[in-house]
Amino acid sequence: MVAPPTDSFKRKIDYLRLSITDRCNLRCTYCMPEHGVPKIDHADILRYEELVRLAEIVAGMGMSKIRITGGEPLVRKDVLTLCERISRIPGIRSLSITTNGVLLSDFARGLRDAGIKRINVSLDTLKPEKYALITRSDRFSRVWEGIMAAQEAGISPIKLNAVVMNGVNDDEIEDLAHLTFKYPFHVRFIEFMPFRQQPEFEGRLVPAPEILARLRRVAPLALADNGESNGPALHYRFEGALGKLGIISPVSDHFCPSCNRLRVTADGKLRTCLFSREETDLRLPLRQGNSEEEIADRIRSAISLKPEKHQLSDAVFRKCISRPMFSIGG
Ligand code: SAM
Ligand code: SF4
């Protein structure tokens, strides 16, 4: 087995987040404008053959984990075929997907059969009316059905990701955390990142220490192991709970020292840091038939320039973010 590449700071890079579309069937207020955004031209989106070849190349470099994301990955036609092809690539040990869950009840079994082992579902609230405000859509019950369908299909772990926003859903931290008593889910709280420069997002950040303090008031909390992931979340567990809790704190605490990931946008741009402006084009080399070694070299060069840490806590925060999450692939 080939060892995964390391960057200049000795971080092992073994995880690729592959965005397969910039389109989405929701319009979450913190992610997309109400009337959407100009779509990337269809011809500029990586085709399935190109995505599979890219996955084969990174697997050949020793990277073993791929997460399919977007936009909303389940809106892309024939997504199951893509998952199946990627999951069969030798060296890919873990194939997962991040979804808003709207279409999950239709796809859960298919995803399992196509080799998806782990799933992340975004769920910021347990209240249908609030869900409608946050996502500008009334599909809360569809999402909940989807989560149940994923559980019935035996997909595990199921991680529920909630972006915590002051004055919007911070009053639900406890209720969301309580789900772990009833279900074996990992409920993860993500600090809101103010990507979009709008006044309504001022003051929305709830820092991780405050989220943690709120969780401690619910029940005794112990540190839990990180499972397979060496990603950015800190893991906890309530005594007697079935599931785990996680806090992802990109703003108040650098998770950069443990960053093991690369991202590729739907139009084939490699990003080594969520918050960086630097991108390396992979679409042209894939399209013009460059060899596997040439493309792998291009990826290795980008890895060697992966920044040590992001600038999020600094005053320059907003300037350093060049694309919103739906476009980068969260
Ligand atoms: N559409 C899928 C979904 O919502 O799960 C996948 C893509 S979405 C961009 C990936 C993740 O990014 C979601 O969990 C979403 O909540 C998160 N996200 C988007 N904008 C964010 C922001 N401004 N701050 C923190 N997380 C954000
Ligand atoms: Fe769509 Fe996900 Fe962005 Fe919401 S967070 S608008 S579901 S891409």
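The following paragraphs examine the structure supplied in this document.

Definitions and limits used
- Residues numbered from 1 in each chain as written.
- Chains lettered and ligands numbered in written order.
- Predicted model: local features only at pLDDT ≥ 70, side-chain atom pairs only at ≥ 80, totals over all residues.
- Heavy atoms only, no water.
- Near = heavy atom within 4 Å.
- Polar contact = N/O pair within 3.5 Å; in protein donor to acceptor, adjacent residues only side chain to side chain.
- Areas by Shrake-Rupley, 256 points an atom, 1.4 Å probe, with all protein chains shown as cover.
- Helix = DSSP H or I, 4+ residues; strand = E, 2+ residues; numbered from the N terminus.
- Nonpolar A, V, L, I, M, F, W, Y, C, P; charged D, E, K, R; others polar.
- Core = buried A, V, L, I, M, F, W, Y, C linked by side-chain atoms within 4.5 Å.
- Buried < 20%, exposed > 50% of the residue type's maximum accessible area, 1.4 Å probe, protein only.
- Contact = heavy atoms within 4.5 Å.
- Expected span 1.5 Å × (residues − 1).

### A short note on the site of ligand 1
Inference 1: Surveying the vicinity of ligand 1 reveals 18 residues, the closest of which are Tyr30, Gly71, Ser122, Val163 and Met193.
Inference 2: Within the side chain of Glu72, a nitrogen or oxygen atom sits 3.3 Å from a nitrogen atom of ligand 1.
Inference 3: A distance of 2.7 Å is found between a nitrogen atom of ligand 1 and a backbone nitrogen or oxygen belonging to Met193.
Inference 4: The protein chains hide 95% of the 540 Å² of surface that ligand 1 would expose on its own.
Inference 5: Elements with a contribution of two residues or more to the shell around ligand 1: strand E3 (94–99) and helix H10 (325–328).

### Observations regarding the site of ligand 2
Inference 1: In the vicinity of ligand 2, the contacting residues are Cys24, Leu26, Cys28, Cys31, Gly71, Asn100 and Phe326.
Inference 2: Split into classes, the residues belonging to the shell around ligand 2 amount to 5 nonpolar, 2 polar and no charged.

### Side note on the nonpolar core
Inference 1: Ranked by internal contacts, the top residues of the largest apolar core, which has 94 residues, are Ile66, Ile86, Leu111, Ile147, Phe189, Leu215 and Ile299.
Inference 2: Counting residues per element, this core draws most heavily on helix H1 (residues 48–60), at 8 residues.
Inference 3: In this view, Leu111 contacts Leu74, Leu80, Cys83, Ile97, Leu104, Ile116, Ile119 and Ile155; residues no more than four positions away in its chain are not counted.
Inference 4: In terms of nonpolar packing, the next biggest core, distinct from the first, is built from 6 residues, Met193, Cys273, Phe275 and Ile328 among them.

### Considering the environment of Met61
Inference 1: Relative to the helices and strands, Met61 resides in the loop between H1 and strand E2 (65–69).
Inference 2: The sequence separation of Met61 and Cys83 amounts to 22 residues, and the corresponding C-alpha distance is 20 Å.
Inference 3: Look past the residues within four positions of Met61 in its chain and what remains in contact with it is Val2, Ala3, Pro4, Pro5, Ala296, Ile299, Arg300 and Ile303.

### A closer look at helix H5 (residues 140–152)
Inference 1: Along its 13 residues, H5 runs 19 Å from first to last C-alpha, staying within 8% of the 18 Å computed at 1.5 Å per residue.
Inference 2: Of the residues making up H5, those classed as buried are Phe140, Val143, Trp144, Gly146, Ile147, Met148, Ala149 and Ala150.
Inference 3: Check the buried side of H5 and you find it contacts helix H3 (104–113), strand E4 (118–122), helix H4 (128–135), strand E5 (158–164) and helix H6 (173–182).
Inference 4: Backbone geometry just after H5 places Gly154 at a positive phi near 85°.

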